[in-house]
Amino acid sequence: MLSDNCIFCKIIKGEIPSAKVYEDEKMFVFKDIEPKAKVHLLAIAKDHFKLFSDMDDNRSETVKYMLTKIPQIAKDNGCENGYRLIVNQGEDAGQTVFHLHFHILGGENLPW
Ligand code: 5GP
Ligand code: ZN
């Protein structure tokens, strides 16, 4: 289920343009608008939930699906040498968009 007032749901619906690198029936992957590494992708589910901590059995199936797909998507998009996968959960992590997303960072040797 998508939300009417969420930037990432609007990106999925094509109401806000994005540089898409992958899409299927369950997930959508696009380039971060303010990249923090040479390659910086955002992987989102086609289901609006705000926080990693909003997980339930149904959502964890979707997340499992995404985590299974991410290695190949990362490899196909310039992260053949490795990447960092990040979830910012809540305020202390600096989460700014409240639609669960995985950051995929790579394309270069990353400082910790
Ligand atoms: P957070 O801090 O919530 O983990 O990360 C949100 C990310 O979304 C940030 O890295 C930010 O640059 C990215 N972002 C925010 N708005 C947009 C947008 O409209 N388009 C794209 N491609 N990325 C966005
Ligand atoms: Zn959303």
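Treat the numbers as computed from the prediction; the structure is a model and nothing was measured. (Residues numbered from 1 in each chain as written. Chains lettered and ligands numbered in written order. Predicted model: local features only at pLDDT ≥ 70, side-chain atom pairs only at ≥ 80, totals over all residues. Heavy atoms only, no water.)

*Asks:* I'm lost on the site of ligand 1 in this one. Help?
*Replies:* In the region of ligand 1, 17 residues are neighbours, and Lys 31, Asp 32, Thr 96, His 101 and His 103 sit closest. Between an oxygen atom of ligand 1 and a side-chain N or O atom of Asp 32, the distance comes to 2.5 Å. Note that a nitrogen atom of ligand 1 is positioned 3.3 Å from one of the backbone N or O atoms of Ile 33. For the shell around ligand 1, the secondary-structure elements that each account for two or more residues are helix H1 (7–13), strand E2 (27–31) and strand E5 (101–106). Ranked by residue count, the leading element in the shell around ligand 1 is H1, at three residues. Across the shell around ligand 1, the residue classes break down as seven nonpolar, six polar and four charged. (Near = heavy atom within 4 Å. Polar contact = N/O pair within 3.5 Å; in protein donor to acceptor, adjacent residues only side chain to side chain. Helix = DSSP H or I, 4+ residues; strand = E, 2+ residues; numbered from the N terminus. Nonpolar A, V, L, I, M, F, W, Y, C, P; charged D, E, K, R; others polar.)

*Asks:* Honestly, the pairing of strand E3 (residues 39–45) in this entry has me stumped. Any pointers?
*Replies:* Consecutive residues of a regular strand have side chains that alternate between opposite faces of the sheet. The element E3 is largely enclosed, with a buried count of seven among its seven residues. Neither face of E3 is exposed, since Val 39, Leu 41, Ala 43 and Ala 45 on one face and His 40, Leu 42 and Ile 44 on the opposite face are all buried. Note that E2 and E3 share five bridges and pair antiparallel. If you follow Phe 28 over to E3, its bridge partner there is Ile 44. (Buried < 20%, exposed > 50% of the residue type's maximum accessible area, 1.4 Å probe, protein only. Pairing = 2+ DSSP bridges.)

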